[in-house]
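Observations on the three-dimensional arrangement
Here are the chains, one letter per residue:
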Amino acid sequence: MTAPGTLSPSGRGQGEGKQGEGKQGEGTRSVAVWQERVPIRVRVEGAGPAVVFFHGPWGLTWGPFLDALARQFTVYAPEHPGTTPGEPDAVQHVDTLWDLALCYDELLEALRLREVMCVGHSFGAMVACEVAALHPARVKRLVLIDPIGLWRDDAPVINWMLLGPTEMPAHVFQRPDGAAAQALFSVPDDPEQAALARTRLTWAMGATGKFIWPIPDKGLHKRIHRITAPTLLVWGAADRLVPRAYAQEFAGRLPDSRLEVVAGAGHAPHLEQPEATARAVGAFLKA
């Protein structure tokens, strides 16, 4: 792992708020890809057309947003290598963003998902773009929630890995003291458990951050033209990490896109305003 300042955790991990146990349970499965060296745990819920959700840099949250989608679709939510409880070192076998995209291509093949709709948040939106560019015929619709992956010198994306714990909530959420921020960034009162929680969160950021360090420009601009799926861009009105200028950057490079701005939300509108975000995303996926 190339991102600095991370420690290898042990035991169960901490995702973006609510998450499952370290062992497999009902609705979860583990699929080994990349010559069976990389286990990817996938949570599967719902019924209907397949929707694959790629989470952001703080681990997988299964909350009201994904619950709402699962009432209309079969939602597949893989955990990025290294963010799964008990499997922190899986990311060591994945060297580049291209490797990661191929891992997910193998995962979708293993799950026999020949046609899917993809939804991604932040880092996960960049991954969704790469998956759609790799295999355009597979991805029928694409939703990008506050995506990264492009770069403008006049509108730099804030590197969240350089933010301190007290700075992070105000950059990710419009209301840093709100319930969504507390669910994602709160730590236990016990000092030992608090230290472990911070280590787990740091490791999750490192496991995803290795693919975007030092800036999230790894060549997507050279491949994004391959995407053919109609695309919904979702942006939190108060995103302090990724300037809204990037909505225009993505829209200008995609053949069929539209923008939905979510009021009362920062960089994670699906967490801060899950009902409004789910309504917009669900309507687009069903269209």
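Look above for the structure.
As a further point, take the overall build of the chain. Scanning the chain from N- to C-terminus turns up ten helices and eight strands. Computed over its C-alpha atoms, the radius of gyration of the chain comes to 17 Å, within 12% of the 19 Å expected for a compact globule of 287 residues. For the chain, the accessible surface area stands at approximately 11900 Å², while carbon and sulfur atoms represent 49% of it. Of the charged side chains in the chain, 28 are positive and 31 negative; the average position of the first set lies 5 Å away from that of the second.

Enumeration over the complete set of coordinates arrives at six aromatic pairs. With a centroid separation of 5.0 Å and 75° between ring planes, the pair formed by Phe-54 and Tyr-104 is classed as edge-to-face. Taken together, the positions of Phe-54 in strand E3 (residues 50-54) and Tyr-104 in helix H2 (residues 97-110) put the pair 50 residues apart, joining distant regions of the chain. By relative accessible area, which is 0% here, Phe-54 ends up buried. Taking 6.1 Å as the distance between ring centres and 80° as the angle between the ring planes, the aromatic pair formed by Phe-173 and Phe-185 counts as edge-to-face. A residue pair is termed long-range when its members are at least 10 positions apart, and Phe-173 in the loop between helix H4 (168-172) and helix H5 (179-185) and Phe-185 in helix H5 qualify at twelve residues. Assigned by exposure class, Phe-173 and Phe-185 land together as buried. Here the aromatic residues Trp-58, Trp-160, Phe-173 and Phe-185 are joined through ring pairs into a cluster of three or more.

Bringing the sheet that holds strand E8 (residues 257-262) into the picture now. Strand order in the open sheet formed by eight strands is E1-E2-E4-E3-E5-E6-E7-E8, and the pairing between neighbours is mixed. With partners counted over all chains shown, the strands left at the sheet margins are strand E1 (28-33) and E8, one partner each. Geometrically, the sheet is characterised by an average inter-axis angle of 20° between neighbouring strands, direction not taken into account. By the bridge criterion, six bridges tie strand E5 (residues 116-121) to strand E6 (residues 139-145) in an arrangement that is parallel. Note that in E6 the partner of His-121 across the bridge is Ile-145.

Relative to E8, strand E7 (residues 231-236) runs parallel, the two sharing six bridges. The residue bridging Gly-236 from the neighbouring strand is Val-262, located in E8. Read as a crossover between parallel neighbours, the route from E7 over helix H8 (residues 245-253) to E8 is right-handed.

One can find Pro-176 in the loop between H4 and H5. Taking relative accessible area as the criterion, Pro-176 reaches 36% and is therefore assigned partly exposed. Along the backbone, Pro-176 and Ala-70 are 106 residues apart, and their C-alpha atoms lie at a distance of 28 Å. Beyond its immediate sequence surroundings of up to four residues, Pro-176 is in contact with Pro-169, Ala-170, Ala-181 and Gln-182.

Turning our attention to H8. In an α-helix, one full turn covers 3.6 residues, which means residues spaced three or four apart are oriented alike. For H8, the full list of buried residues reads Tyr-246, Ala-247 and Phe-250. Seen from one end, H8 has its buried residues packed into an arc of 110°, which puts them on one side. Looking at the packing, one finds that the buried side of H8 touches helix H3 (123-134), E6, helix H7 (220-223), E7 and E8.

Cut-offs used in this document
Residues numbered from 1 in each chain as written. Predicted model: local features only at pLDDT ≥ 70, side-chain atom pairs only at ≥ 80, totals over all residues. Heavy atoms only, no water. Helix = DSSP H or I, 4+ residues; strand = E, 2+ residues; numbered from the N terminus. Rg over C-alpha atoms; globule rule 2.2 N^0.38 Å. Areas by Shrake-Rupley, 256 points an atom, 1.4 Å probe, with all protein chains shown as cover. Lys, Arg positive; Asp, Glu negative; His and termini not counted. Charge placed at Lys NZ, Arg CZ, Asp CG, Glu CD. Phe/Tyr/Trp six-rings, centres within 6.5 Å; stacked < 30°, edge-to-face > 60°. Buried < 20%, exposed > 50% of the residue type's maximum accessible area, 1.4 Å probe, protein only. Pairing = 2+ DSSP bridges. Axes fitted to C-alpha atoms, helices over the stretch in contact; angles between N-to-C directions. Right-handed = clockwise from strand over helix to strand, strands pointing away. Contact = heavy atoms within 4.5 Å. Arc of directions from axis to C-beta.

That's the geometry; what it means functionally is another story.
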